[in-house]
Amino acid sequence: AQSVTQPDIHITVSEGASLELRCNYSYGATPYLFWYVQSPGQGLQLLLKYFSGDTLVQGIKGFEAEFKRSQSSFNLRKPSVHWSDAAEYFCAVATGGGNKLTFGTGTQLKVEL
Amino acid sequence: DVKVTQSSRYLVKRTGEKVFLECVQDMDHENMFWYRQDPGLGLRLIYFSYDVKMKEKGDIPEGYSVSREKKERFSLILESASTNQTSMYLCASSFFLELFFGEGSRLTVL
């Protein structure tokens, strides 16, 4: 069965600094990969997704992620963090034949002004 | 925009009560899901439905049941609530694997 690991539970960055959130997946075939963001008191919103093709995908709010098959990773990046980016971020994976997503345990991002 | 509406944002129930969590989506999506979210555990799938009257167990179905009588509505039922079901419950619908979430229902069982 597929699984997702987000090794960082909490991350703190200064506003304007760059950000990288790590995500590793376990799945034999090419996975479908997602990053979601959850602002306080809200549901989850899709940031970006990877299905195939270019391994660097662009998302909303200035985020991007890179799929690296050799490392089984799909790390989320942003060159300059804004205070409004403080939220919880979830990586998720889906199999090609199914319609279910498996989520990681999330990374809580704090932005220092 | 897709809208997924969960009827109750906050509920407080007593142990043993029957609890209904309602979810409605307005985009005619085939698939709907109920997740449970707990700190440090992320989102765990309780049940999902890929069509009216169809349901499949997710990873943690014990203590829960679901109902999908109409395409737009997917209900989560706790037959006899217990304190370990205190949690945030998230409903979602999907289109080609992209999930659209409601704002969540925070349930406290006393």
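(A) Expanded view of the interface of chain A and chain B. Facing the 22 residues of chain A at the interface are 20 residues of chain B. Taken together, the two surfaces of chain A and chain B that pack against each other cover about 1,600 Å², and 57% of this comes from carbon and sulfur. By the criterion of area lost to chain B, the three top residues of chain A are Asn99, Lys100 and Phe103 of chain A, representing 31% of everything that side buries. Here chain A is connected to chain B by one salt bridge. Between Glu98 of chain B and Lys49 of chain A there is a salt bridge, with its nearest N and O atoms 3.2 Å apart. In this structure, the connection of chain A to chain B is made through five residue pairs in polar contact (both at pLDDT 80 or more). Within the residue set of the side of chain A that touches chain B, elements represented by two or more residues are strand 5 (32-38), strand 6 (44-50), strand 10 (87-94) and strand 11 (101-103) of chain A. The element best represented in the side of chain A that touches chain B is strand 5 of chain A, accounting for four residues. Partitioning the side of chain A that touches chain B into residue classes produces 10 nonpolar, nine polar and three charged.

Thresholds, definitions, all that
Residues numbered from 1 in each chain as written. Chains lettered and ligands numbered in written order. Predicted model: local features only at pLDDT ≥ 70, side-chain atom pairs only at ≥ 80, totals over all residues. Heavy atoms only, no water. Contact = heavy atoms within 4.5 Å. Buried area = accessible area lost by both parts, 1.4 Å probe. Salt bridge = Lys/Arg side-chain N within 4 Å of Asp/Glu carboxyl O. Polar contact = N/O pair within 3.5 Å; in protein donor to acceptor, adjacent residues only side chain to side chain. Helix = DSSP H or I, 4+ residues; strand = E, 2+ residues; numbered from the N terminus. Nonpolar A, V, L, I, M, F, W, Y, C, P; charged D, E, K, R; others polar.

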